[in-house]
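Secondary and tertiary structure notes
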Amino acid sequence: AVERMQVLPELAPSTDTAEARAACAACFPKGRWQFVHALGFDMAGGFSGNALGVVALNGDDIKVVLMTVEGLNLFEASSASRDHLEVSRAVPPFDKPGFAQGLLRDVRRIFQRPAGTLATGMLPGGVPACRYEGEGETSDLVVQTDGCWRLETYQPQVAALSEDETVPPPARPVLTRRITTASCQAAGKTIIPQILELTAQGPEGYSLTMRLISAERLANIP
C-alpha cells in the first residue's frame, strides 16, 4: 500500500480563552536567551552524526552555531528576520544548497511563535490546540497535560495516491514538520524542554534530536 501523508485535521470551534493562548505563548521564549544542546541528526543521503548546537535569541534575531564536541565550528549563520539569512561558515555536508535556509526556518519553528493569525479550538478526540495560519503554512500547537508541547506544521501538497486512486487528489495541507518535546520545566512563564525532536518529511527530510545542556536568560541590552 502507498503511504498516505497526514492531512491537516479539522479544528472544531471552541471559546477562545486567555488561558489557552497563554499556555501556547509559554512554549516560545521571549527576550534574550542562549541555549546549548547536544544534537543527534540523520540527514537525507544517509549522513548522520552528533554535534553541539548553540542558539542565541534576541527578539527576531537568531544566531545558530553547530560545532564538534572539541569546539570546531561546522556551521554558523544568523538571521535578523524570516526573510534574512547570513551564513558565515558551512563545512560539508552543512554546505548543501538549501540547508542553511531550512535549518534556520526550523530553528524559528522550535523557538518562535509561528507566523500568522491564531485561533484556538479542538482537534479530533477533543484535544485543545492553537492553530497558526500564515506564510503559506498552518501549524497546530498542542500543550500536553505534563506541560510539554507538540507542534505540527502543514503545507499544501498533493497527497500520495492510494491503490484504488488513479487521479491525484487536489493539493491540500499535509504534514511536513513535527516537533515533539519531553521533560519540560518552567522558567518563569516559559516552558523549557529538556528534549526536542524534529522530524522533517520529504526527499530532503531529516531528523534532529536535541538534548538540553544549558538554557540561559541574558540581560536585555539597551
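For the structure given in this document, a descriptive report is provided here. The residue numbering used here restarts from 1 in each chain and proceeds along that chain's sequence as written. Only residues with pLDDT of at least 70 get local features here, since the model is predicted, and only at 80 or more are side-chain atom pairs given and counted; chain-wide, interface and lining totals rely on the full set of residues. Side-chain metrics in this entry use all non-hydrogen atoms of the structure; hydrogen atoms and water are not considered.

Right, let's get into the overall build of the chain. Secondary structure summary: the chain contains two helices and 13 strands in total. The quantity called the radius of gyration is restricted to C-alpha atoms. Its globule counterpart is 2.2 Å times the number of residues to the power 0.38. Computed over its C-alpha atoms, the radius of gyration of the chain comes to 18 Å, within 12% of the 17 Å expected for a compact globule of 222 residues. If you line up the chain on its principal axes, its C-alpha atoms span 55 × 45 × 30 Å. Contacts: residue pairs with any heavy atoms within 4.5 Å of one another. A separation threshold of at least 6 residues defines the contact pool for the chain, and within that pool the share at least 24 residues apart is 49%. For the area figures, the Shrake-Rupley method with a 1.4 Å probe applies, and any residue is considered shielded solely by the protein chains shown. Put simply, the chain shows about 11,800 Å² of open surface, and 54% of that area lies on carbon and sulfur atoms. In the chain, which carries 20 positive and 25 negative side-chain charges, the distance between the mean positions of the two groups comes to 5 Å. Segments assigned H or I by DSSP are reported as helices when at least four residues long, segments assigned E as strands when at least two residues long, and all are numbered from the N terminus. A positive count includes Lys and Arg, and a negative count includes Asp and Glu. His and the chain ends are not counted in either. Here the site of a charge means NZ on Lys, CZ on Arg, CG on Asp, or CD on Glu.

Another point: the pattern of salt bridges. Whenever Lys or Arg places a side-chain nitrogen within 4 Å of a carboxyl oxygen from Asp or Glu, that contact is recorded as a salt bridge. Throughout the structure, instances matching the rule amount to seven salt bridges. One salt bridge in this structure joins Arg-109 and Asp-106, with 2.6 Å as the shortest N-O distance. Here the residue Arg-109 and the residue Asp-106 both occupy positions in helix 2 (residues 99–111), the gap between them amounting to three residues, near one helical turn. Note that Asp-140 and Arg-131 form a salt bridge whose closest N and O atoms lie 2.7 Å from each other. With relative accessibility at 2%, the residue Asp-140 sits in the buried group. To sort residues, take the accessible area from a 1.4 Å probe on protein chains only and compare it with the maximum for the residue type: under 20% means buried, over 50% means exposed, and anything in between is partly exposed. You can call Arg-131 buried: its relative accessible area is 9%. Through salt bridges with shared partners, one network takes in Asp-106, Arg-109, Glu-137 and Arg-177.

To continue, consider unusual backbone geometry. Residue Pro-92 is joined to Pro-93 through a cis peptide bond whose omega torsion reads 0°. Its identity as a non-glycine residue notwithstanding, Glu-135 has a phi of 55°, on the positive side. With a phi angle near 50°, Ser-183 is a residue other than glycine that sits in the positive phi range. Here Ser-183 shows up in strand 11 (residues 172–187).

Here the focus is the side chain of Asp-106. Residue classification places Asp-106 among the buried positions, given a relative accessible area of 1%. Beyond its immediate stretch of four places on either side in the chain, Asp-106 contacts Arg-177, Leu-198 and Tyr-206.

Right, let's talk about the state of the cysteines for a bit. Two cysteine sulfur atoms form a disulfide, by the criterion used here, when they sit within 2.5 Å. This model, assessed by the stated rule, comprises two disulfides. Across the disulfide, Cys-24 is cross-linked to Cys-130 (sulfur-sulfur distance 2.0 Å). For the disulfide bridge between Cys-24 and Cys-130, the dihedral angle about the S-S bond is near 95°, and by the sign convention the bridge is right-handed. Separated by 106 residues along the polypeptide, Cys-24 in helix 1 (residues 18–25) and Cys-130 in strand 8 (residues 127–134) bring together distant segments of the chain. For the pair formed by Cys-24 and Cys-130, the shared burial category is buried. Bonded cysteines in the chain are paired 1-2, 3-4 when counted in the order they occur along the chain.

It is worth spelling out the nonpolar core at this point. Within the largest apolar cluster, 44 residues are counted, with the highest numbers of intra-cluster contacts made by Phe-75, Phe-94 and Leu-141. Broken down by element, the residue count for this core peaks at seven residues, all from helix 2. Excluding residues within four positions of it along the chain, Phe-94 makes contact with Phe-41, Met-43, Leu-66, Leu-74, Phe-75 and Phe-99. The next biggest cluster of nonpolar side chains, apart from the first, holds five residues, and it includes Val-36, Val-54, Val-65 and Met-67. By convention a nonpolar core is built from buried Ala, Val, Leu, Ile, Met, Phe, Trp, Tyr and Cys residues, the set being connected through side-chain atoms within 4.5 Å.

Before going further, it helps to spend a moment on the pairing of strand 5 (residues 73–79). Counting buried residues in strand 5 gives five out of seven residues, a clear majority hidden from the surface. Here strand 4 (residues 61–67) runs beside strand 5; their pairing, made up of six bridges, is antiparallel. Looking at strand 5, one finds that Ile-62 is bridged to Ser-79. If you look at the hairpin formed by strand 4 and strand 5, you'll find five residues sitting between the two strands, and Gly-71 has a positive phi there, around 100°. At least two bridges found by DSSP between two strands are what make those strands a pair. As defined by bridge partners, strand 5 adjoins strand 6 (residues 86–90) across four bridges and the pair is classed as antiparallel.

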